[in-house]
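Okay, here's what each chain looks like letter by letter:
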Amino acid sequence: MSLPHSSSSSSPTPIRSKMARRVHTTEVGCIACEELGDLGAGKEGWLVDNPNLLCAIDTHCIALANRSVIVVLGWADPDQTRVKIRPELSPIEAEHVTAIEWLVFDEMRVVVAGTSAGCLLFYSLAGHLIHKQMVYPARIIRLRVRGTKRDLNHDTSSEEVCVVMPGILARFDGNDIQNMLQQWFQETQSQFWDQNRRSDDFENSHGKLPYQLWSVSKYGSCADAAITGIMPPPLMEIQSSEHYFCGITVGEDAVISAFRLSEDKSRSFVGALLSKVVPATFSTIATFSKLLWRSEQTSPKKLEEKPQSFARASPLTCLKDFPRKGEKLTLSPSGTLAAITDSLGRILLLDTQALVIVRLWKGYRDANCLFTEMLVNKDTSASSSRYYEPTKSDYCLCLVIHAPRKGIIEIWQMRTGQRLRSFVCAKGSKILQPTYRFGSSIASPYVPLEVFLLNGDSGQISVLHRTL
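Residues numbered from 1 in each chain as written. Predicted model: local features only at pLDDT ≥ 70, side-chain atom pairs only at ≥ 80, totals over all residues. Heavy atoms only, no water.

Caption draft 1: Layout of the pairing of strand 12 (residues 168–173). The buried fraction of strand 12 is high, at five of six residues. Across six bridges, strand 11 (residues 158–165) lies against strand 12 in antiparallel orientation. Its bridge partner being in strand 12, Val164 is matched across the sheet by Leu169. Taking the residues that link successive antiparallel strands as the turn, the strand 11-strand 12 hairpin has two residues, and the phi of Gly167 there is positive, at about 80°. Two strands pair when backbone bridges link them, and strand 12 and strand 13 (residues 212–215) are joined in this way by four bridges, in the antiparallel orientation. Bridge pairing links Arg171 to Gln212 in strand 13. (Buried < 20%, exposed > 50% of the residue type's maximum accessible area, 1.4 Å probe, protein only. Helix = DSSP H or I, 4+ residues; strand = E, 2+ residues; numbered from the N terminus. Pairing = 2+ DSSP bridges.)

Okay, here's the thing in structure tokens:
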């Protein structure tokens, strides 16, 4: 039996056309190019299935790295910036790249790579090695760049680069890094720079960057960590100009642990033992390996640099909840909130000042989290004007949760707000966030946090909409 056919020339408009599909992202660029072939591009899931593939995004460029190569591409115009860097890594120690991040100043942008041997490598956008420095002979897990400006909520300003290693935290001051980079760029402008300079020239002309080093392994080795900001000194302690920092770690033995990090070089017995035994063991193994792999080259080798001693790290608290294991940690811009993912598919929202868990999500295995800022319910006459420029107070802090097993992205309002948005994303995608920009003035127009979505299969980069 056939359906009746209408003889009218005008057919009803499908409901589907009236209800247009809502778009939550805007495409801003594409990174598809031949250079990505060295990173495994071309295979389905190449961006997310390879644990050694690292990504870091800037406002105009993206850096991707595997164990032995770094590719820098301009995602707005891939033909404008295409740099392939092959760091000179130690074959004896099987050294490889384990972390990557951008450092962005007003007039300078560089790529920083951390290695499995505990070295930091600073590269210009032309692929020149600017600086190489040993932090500690251990695998660098992550590089964190953050800062807080002096305002009504912060009495002091702090800009830093935090180096995370298993059970170890290091802190570089942003001003020291900026001075080093300015000196290097001035040298390149005033005289011819040798492009064939070898990366094993360990002693740079501008000297070694000062930094603080702490052992935070009292509750076991950490899988991720962060310095959340400056904290007050302990009670009954004489006031001084010394700064104390709060360090948060997550790991296998303790899901969450917190430490008060002091600039004082007085160390605990464990810290003193680690600073003596580990470097000695590392140096002995390296020396023995060199004897086995000695080449015919007879040029004298420089002595291995000894890492500096640990400063004092006082444990504050820890959360042990076997078999739960802490996996990844994400800080809010002010450092007062931290989103922590664990091995049981849960996301913990930690108040880093009170050291209390204030929220919990369940059912998010292998999730990735980033904080963002969005315009929520801003429909006043002032904000609706096209001449109105939103200020910091107009934005609401939100948490973006990417659940790859569900294939969705969710946005939740902080701290106790509802879920504002949920939409499907392509398989093989990854959420990224531009790094903190050093030296940005409070008086300059406020730039809210943005979250980008990189589709590994198509190479497209999209930005999540700021408004709901």
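Caption draft 2: Summary view of the packing of aromatic side chains. Applying the stated criterion to the full structure yields nine aromatic pairs. A centroid spacing of 5.9 Å and a plane angle of 70° characterise the contact between Trp361 and Trp412, whose relative ring orientation is edge-to-face. One end of the pair, Trp361, is in strand 21 (residues 356–361); the other, Trp412, is in strand 24 (residues 408–413), and 51 residues separate them in sequence. Across this residue pair, the class does not change: Trp361 and Trp412 are buried. Relative to Phe438, the ring of Tyr436 lies with its centre 5.6 Å away and its plane at 85°, an arrangement referred to as edge-to-face. Here Tyr436 matches Phe438 in class, with each residue buried. Cluster of aromatic residues (ring-pair linked, three or more members): Phe105, Tyr436 and Phe438. Lys406 extends its terminal NZ or CZ atom over the ring of Tyr364, reaching a point 4.2 Å from the ring centre. (Phe/Tyr/Trp six-rings, centres within 6.5 Å; stacked < 30°, edge-to-face > 60°. Lys NZ or Arg CZ within 6 Å of the ring centre and 35° of its normal.)

Caption draft 3: Region of the structure containing unusual backbone geometry. Of note, the amide linkage connecting Phe322 to Pro323 takes the cis form, showing an omega dihedral of 5°. Among the secondary structure elements, Pro323 is positioned in the loop between strand 17 (313–319) and strand 18 (326–331). For the bond from Met414 to Arg415, the omega torsion is -5°, close enough to zero to count as cis. Tracing the sequence through the fold places Arg415 in the loop between strand 24 and strand 25 (419–424). Within the chain, Ala94 stands out as a residue other than glycine whose phi angle is a positive 55°. The class of Ala94 is partly exposed, set by a relative accessible area of 46%. In this model, Leu355 sits at a positive phi of 55°, which is unusual for a non-glycine residue. Mapped onto the fold, Leu355 is located in the loop between strand 20 (347–351) and strand 21.

Caption draft 4: Focus on the environment of His243. Position of His243 among the secondary structure elements: in the loop between strand 14 (222–231) and strand 15 (244–251). On the accessibility criterion, His243 (33% relative accessible area) is partly exposed. Taking the C-alpha atoms as reference, His243 lies 7.8 Å from Met231; in sequence the two are twelve residues apart. Excluding residues that lie within four positions of it along the chain, His243 makes contacts with Ile230, Leu261, Ser262 and Glu263. (Contact = heavy atoms within 4.5 Å.)

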